[in-house]
Structures are given as C-alpha cells and as structure tokens.
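Okay, here's what each chain looks like letter by letter:
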Amino acid sequence: MEISLKQIRYFIATANAGQVSRAAMDINVSQSAVTAAIKSLEESIGAPLFERHSGGVSLTYEGNLFLDHARHIVATVDEAVRLPRRIRDDVRGHVKLAVSYTVLGYFLPSHLARFTRGFPNVEVQMSEADRPDIEEGLIAGTFDLAVMLTSNIINQEDISYDTLLRSRRRLWVDAQHRFLERPSVSLQDIAAEPYIMLTVDEASNTAQRYWNRSPYSPNVIFRTSSVEAVRSMVANGMGVAILSDMVYRPWSLEGRRVEVMPVADPVPTMDVGLAWSNSAELSPATRAFIDFMHLAIGSDQSFGVARD
C-alpha cells in the first residue's frame, strides 16, 4: 500500500497535538479522516505509531523514529513547491553565520543541509558561540547573521531580529510520575519536586525569571549544561525539569520514556530566529539564507510552534 503525503501530514498534526480531535481541528478536517489516515499509515508501516490513552495519544518508539523522517519529507516537498522561481545557482558568496548551542544541536542542521543543497554556490562559514559573543560579533562585523534564541537577546538597540518560531515549555517527568494523573501542574506543585536545572544558553537565567514572578522556587538538586543529562535523569525518576518542546525527545539514551505535561502558570516560550546588526548591509547570499529560513519554517510544524 502506497503512503500518501496527506497521511504523513495528518500523522504529524496528531503527533504535535497529542489528540486526534485537536489535530483534526488544527488542519480543518474531520476526526474520522485523521483516524483513517493514521490507521492506514500504521498498516502500511507494519507497526503502531501511537499509544492510545484517555488523555489522547502519544508516540510509540516506532512513531518517534517515523516522525523525524515525516517532517523531513513534508519540509522538502513544501520547499520544492514554495521556493522562489529563480536560478539559485546565480546566488554566490558566503555567509558568516553564528549559531548558539541549543539551536545548533536541536534545530539548525537539517535546514542548513537543505540550504547548502539548494544554494551550492553559497558557502556558510559557521561558528558556535554564546549569546554575548554573538551579539558582539554581529555589531563588530565578525558575523553576518546569527541563528539564535531571540528571546535571550539583550542589545535590542543595535541588533535586529526576526523570530521564526516559538517553542512552548512544558514539564518533563518520568513515565510513572504521579503528576501524570492530572491535566496540568502548577509551579507550586513543581517546587516540591527535585528539580534538574539546565544551564546551557542561559536556560537557568530564563527559568529564574519566571520562577521569580511566583512566590515559589525550584528545589534544584543538580545543574548541567547537557540536555541529554537532564533527559536521562528525568527518565530515571531522579527529578523533573521545565524545558522547551524543541529539545524534547520521548526516549532517553537508555531507552526510558520521558513524558511532558502543561504548566498551569505562565511560562514563556523559547523563541528561535535570525539576528543581524542594524548597521549591516546584507549581501545577496545572506538575504538568500534569510528567505530560505522563512520558507523552511513556514512549512515546518515541529515543536508545537506558533509563528509570529
């Protein structure tokens, strides 16, 4: 049985929404159409893609593997249709691109690979750096452009930025955690739990800001710059963490499951986008990269994002 692009789109929508009914609303089709598409897709693949439960659905191990490929298929097709009708070989030059750690590890590589295939005469000279160095480098001209957490930018007077996506933050817990019996939890509930604090890309500073708006504080038992360490510790029941959907994966390296659930109190999104100096004259190669990222993210429904 052949797999259709429509089935793949319905599958991605359901994976993002966590509910068939919500997915149907998001893509404006009937719930029965989504259910039938997923059933047919599972029959074609020969494995269940979702686990059904009272609160909705969650990806199986096979479903999580298939999701990565499905997103790549849809993004590639959409880009092929939507890219400007121009001879991309005419765009030449280089882009000195700065990238922050989280963006490089969990967001950019697939987009960058497609850009280099689509614009073979543009050389991307990439540098990994933290936020202060990126801001300084953009102003000094060391970097032409940055892909970074725009929600962290401090110097908004000299730097322009364009947020491409907003990735919601949710609570990570192990698969047997008692919180999973509830529809959501509050910061007061979370404050009573051992907490694993991520520090990379100023994550702890961001967390402290929204915790400071409440009368509670997290019971931090360990700080780490490794997302995978947080994932493994949460999966093994050592604590909980609030992190963005962009870095969420349901399985730890040991094969243990991490579940996510909404936080009832206001928690800001993690915003990812492009940044450049106000005084910079953007080259054709740099503008091509900016245009490409807008098209790529416009077709990508990953991470439960909400566009500007």
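Up top is the structure these notes are about.
Now for a look at the structure at hand. (Residues numbered from 1 in each chain as written. Predicted model: local features only at pLDDT ≥ 70, side-chain atom pairs only at ≥ 80, totals over all residues. Heavy atoms only, no water.)

**Side note on the packing of aromatic side chains**
Here is step 1: If you walk through the whole model with that rule in mind, you get eight aromatic pairs.
Here is step 2: For the ring pair Tyr-61 and Trp-251, a centre distance of 5.8 Å and an interplane angle of 75° mean the geometry is edge-to-face. Here Tyr-61 is found in helix 4 (residues 61-82), whereas its partner Trp-251 is found in the loop between strand 10 (241-244) and strand 11 (258-261), with 190 residues between them in sequence.
Here is step 3: With a relative accessible area of 22%, Trp-251 lands in the partly exposed category.
Here is step 4: On the numbers, 6.2 Å between centres and 90° between planes, the contact of Tyr-195 with Trp-211 is edge-to-face. A residue pair is termed long-range when its members are at least 10 positions apart, and Tyr-195 in strand 8 (residues 194-198) and Trp-211 in helix 9 (residues 203-212) qualify at 16 residues.
Here is step 5: Taking relative accessible area as the criterion, Tyr-195 reaches 1% and is therefore assigned buried.
Here is step 6: Note on Trp-211: relative accessible area 0%, which makes it buried.
Here is step 7: Here a set of aromatic residues connected by ring pairs shows up, and it is made of Phe-115, Phe-119, Phe-289 and Phe-292.
Here is step 8: Sitting over the face of the ring of Trp-251, Arg-257 holds its NZ or CZ atom 5.1 Å from the ring centroid. (Phe/Tyr/Trp six-rings, centres within 6.5 Å; stacked < 30°, edge-to-face > 60°. Helix = DSSP H or I, 4+ residues; strand = E, 2+ residues; numbered from the N terminus. Buried < 20%, exposed > 50% of the residue type's maximum accessible area, 1.4 Å probe, protein only. Lys NZ or Arg CZ within 6 Å of the ring centre and 35° of its normal.)

**So, the pattern of salt bridges**
Here is step 1: Counted under the stated rule, the structure contains 11 salt bridges.
Here is step 2: Across the salt bridge formed by Arg-52 and Glu-42, the nearest N and O atoms sit 3.1 Å from each other. With Arg-52 in strand 1 (residues 50-53) and Glu-42 in helix 3 (residues 31-45), the pair connects residues that are 10 residues apart, well separated along the chain.
Here is step 3: On the accessibility criterion, Glu-42 (14% relative accessible area) is buried.
Here is step 4: With a closest N to O distance of 2.5 Å, Arg-178 and Glu-193 form a salt bridge. Taken together, the positions of Arg-178 in the loop between strand 7 (169-174) and helix 8 (187-191) and Glu-193 in the loop between helix 8 and strand 8 put the pair 15 residues apart, joining distant regions of the chain.
Here is step 5: With a relative accessible area of 48%, Arg-178 lands in the partly exposed category. (Salt bridge = Lys/Arg side-chain N within 4 Å of Asp/Glu carboxyl O.)

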